[in-house]
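Chain residues, written in single-letter form:
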Amino acid sequence: MLTNQKGKYIMQNSDVAHSFFYHCGNFYRRSMTVSYENNKYFSYSTCIGKISTTKDGQSILLISKNKFSTTTAKHIGELRAASPYYNYLELPQETGHSDFYPESVLRTLYNDLEYYSNQKMTQKPNREGFTNAFYTLKELLNIDGFDVDMSKLEEFQPLYDTITNPEELAKYKAKQAALEKKKAKELKKQLESFISKYDIAALARMAYTSGYFEEKAALKKYLNPKNELSFIWFDGELVRTSQNITVNRKEVEALVKLWNKGKLKKGMTISHYTIIEINSEFVKVGCHKITTENIKALFNQMNNQHQEAA
């Protein structure tokens, strides 16, 4: 009968996690979702933990960075809490893998470096993704069984040094801001013939509906440079959005009128979407972040149509 380090009979997953570090051997019970074989710990059929050694002979826990499901996430938390080792290293893992296969782990980390290095380092999630991959590769230099490509680290070392140094990061952000400003100015000049003729709702309709014209991609970039905004426009009795949602025009018009009077409130709804945030720059409806300029354009169109009909 297998017991945990306190001599109690194993009944729960947390008991298995503790037993893994103190019992030499294997544990498997058909009724349980965790098990272990020697130095490897499993959630279902996926290895989520492994006791390994550093090149200087110290024990270290390799643990899955990927959570896969709420159940496996709980198993990973139990394993981390039970570990007597102060050192652990999170590694990318793939579902169903029975080990932390070096080829798979390293390939994922190299791909992460390539991907994040081509993203905007002015954005914190991109910096974190890049630095986590770089840090993990450096740590793997000291883990048995992993043959890290040093040329990869040397290639990305300058970028890592820049974004992890507050002063250098500030310079980098300033340089990128200047470049973005220059690009925006050039883009505006390129699209002057469109911008001078149409309001933002009409421009959005051209950019986000079917049909090709040469400046379409540039127009979309001009309207939504960070790809964080949504746009709306009238289409007959409907209002369409840049996220391919349609709602009743009368509902939208009623809310636009309230917005113009300063009476639009958080918690109001349109169709089954709720107004989450209202400020001077945008109104957020569900996952749609709609600029005040866009809403004002709709209000002006409503007024013009009303005057034409009078």
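Described below are features of the structure shown in this document. (Residues numbered from 1 in each chain as written. Predicted model: local features only at pLDDT ≥ 70, side-chain atom pairs only at ≥ 80, totals over all residues. Heavy atoms only, no water.)

**What to know about the nonpolar core**
Line of reasoning, step 1. Residues L191, L219, L223, F231 and V252 are the most contacted members of the largest nonpolar core, which totals 34 residues.
Line of reasoning, step 2. Within the residue set of this core, elements represented by two or more residues are α7 (192-195), α8 (200-208), α9 (216-223), β7 (232-235), α10 (249-260), β12 (282-285) and α11 (292-309).
Line of reasoning, step 3. When residues in this core are grouped by element, the largest group, six residues, is from α8.
Line of reasoning, step 4. When sequence neighbours within four positions are dropped, the list of residues in contact with L219 reads L191, L203, M206, A207 and F213.
Line of reasoning, step 5. Formed by 27 residues, the second largest nonpolar core is a distinct cluster that contains F42, I60, L153 and L169. (Core = buried A, V, L, I, M, F, W, Y, C linked by side-chain atoms within 4.5 Å. Buried < 20%, exposed > 50% of the residue type's maximum accessible area, 1.4 Å probe, protein only. Helix = DSSP H or I, 4+ residues; strand = E, 2+ residues; numbered from the N terminus. Contact = heavy atoms within 4.5 Å.)

**Comments concerning the sheet that holds strand β11 (residues 273-278)**
Line of reasoning, step 1. Strand order in the open sheet formed by four strands is β10-β11-β12-β13, with antiparallel pairing between adjacent strands. Edge strands, defined here as strands with exactly one partner in the open sheet, are β10 (269-270) and β13 (288-291).
Line of reasoning, step 2. When β12 meets β13, the two strands line up antiparallel, connected through four bridges. Residue pairing for β13: K284 is matched across the bridge by K289. (Pairing = 2+ DSSP bridges.)

**Quick notes on helix α6 (residues 166-190)**
Line of reasoning, step 1. Over its 25 residues, α6 runs 36 Å from end to end, which matches the ideal 36 Å to within 8%, given 1.5 Å per residue.
Line of reasoning, step 2. For α6, the set of buried residues is L169, Y172 and L187.
Line of reasoning, step 3. Where α6 is buried, its residues meet α4 (124-140), α5 (150-163) and α9.
Line of reasoning, step 4. One side-chain oxygen at the N-terminal end of α6 lies 3.0 Å from the backbone nitrogen of E167; it belongs to N165. (Expected span 1.5 Å × (residues − 1). Polar contact = N/O pair within 3.5 Å; in protein donor to acceptor, adjacent residues only side chain to side chain.)

**Describing the pairing of strand β5 (residues 59-64)**
Line of reasoning, step 1. Burial of β5 is extensive: five of the six residues sit out of reach of the surface.
Line of reasoning, step 2. Pairing of strand β4 (residues 46-53) with β5 involves five bridges; the strand directions are antiparallel. Counted as the bridge partner of I51 is L61 from β5.
Line of reasoning, step 3. Counting the residues between successive antiparallel strands, the hairpin from β4 to β5 contains five residues, one of them, G57, with a positive phi of roughly 85°.

**Quick notes on empty space enclosed by the protein**
Line of reasoning, step 1. Tallying each qualifying case throughout the model produces one cavity of 30 Å³ or more.
Line of reasoning, step 2. Put simply, the largest cavity is a space of about 270 Å³.
Line of reasoning, step 3. Around the largest cavity, the lining is made up of 18 residues, and of these I232, V252, I270, V285 and I290 lie nearest the centre.
Line of reasoning, step 4. Where the lining of the largest cavity is concerned, the elements lending two or more residues are β8 (238-241), α10, β11, β12 and β13.
Line of reasoning, step 5. The greatest single-element share of the lining of the largest cavity, amounting to four residues, is contributed by α10.
Line of reasoning, step 6. Each residue belonging to the lining of the largest cavity can be placed in one class, and the counts come to 16 nonpolar, two polar and no charged. (1 Å grid on protein atoms, 1.4 Å probe; cavity = no way out; pocket = protein on both sides within 12 Å on 5 of 7 lines; lining within 4 Å. Points joined across faces, edges and corners; volume = space filled by probe spheres on them. Nonpolar A, V, L, I, M, F, W, Y, C, P; charged D, E, K, R; others polar.)

**Points about the environment of L106**
Line of reasoning, step 1. One can find L106 in helix α3 (residues 102-117).
Line of reasoning, step 2. Looking at L106, the relative accessible area reads 7%, which means it is buried.
Line of reasoning, step 3. On a C-alpha basis, the gap between L106 and V148 in space is 7.2 Å, while along the polypeptide they are 42 residues apart.
Line of reasoning, step 4. Excluding residues that lie within four positions of it along the chain, L106 makes contacts with L137, L140, F146, D147 and V148.

**Focus: the packing of aromatic side chains**
Aromatic ring pairs are reported here in terms of the distance separating the ring centres and the angle at which the planes meet.
Line of reasoning, step 1. Under the counting rule described, the total for this entry stands at ten aromatic pairs.
Line of reasoning, step 2. The structure contains a cluster of three or more aromatic residues connected by ring pairs, namely F20, F21, F27, Y36 and Y41.
Line of reasoning, step 3. Looking at K152, its charged tip hangs above the ring of Y110, at a distance of 5.7 Å from the centre.
Line of reasoning, step 4. Against the face of F234 rests R249, its NZ or CZ located 3.8 Å from the ring centre. (Phe/Tyr/Trp six-rings, centres within 6.5 Å; stacked < 30°, edge-to-face > 60°. Lys NZ or Arg CZ within 6 Å of the ring centre and 35° of its normal.)

**Re the packing of α6 against α9**
Line of reasoning, step 1. Axis separation between α6 and α9 bottoms out at 10 Å; the angle between their running directions is 130°. When the axis of α6 is compared with that of α9, the two are oblique. With respect to the hand of their crossing, α6 and α9 are arranged in left-handed fashion. When α6 is examined against α9, the residues L187, K188 and Q190 are found in contact with a partner set consisting of A218, K221 and Y222.
Line of reasoning, step 2. A class-by-class count of the residues in the contact of α6 with α9 yields three nonpolar, one polar and two charged. (Axes fitted to C-alpha atoms, helices over the stretch in contact; angles between N-to-C directions. Parallel < 35°, antiparallel > 145°, perpendicular 65-115°, else oblique. Left-handed = near helix turned anticlockwise from the far one by under 90°.)

**Focus: the environment of I163**
Line of reasoning, step 1. Turning to its location among the elements, I163 is positioned in helix α5.
Line of reasoning, step 2. The exposure class of I163 is buried, given its relative accessible area of 7%.
Line of reasoning, step 3. Sequence spacing of I163 and A218 is 55 residues, and the spatial spacing of their C-alpha atoms is 29 Å.
Line of reasoning, step 4. The contact partners of I163, leaving out residues within four places of it in the chain, are M121, R127, F130, T131 and L169.

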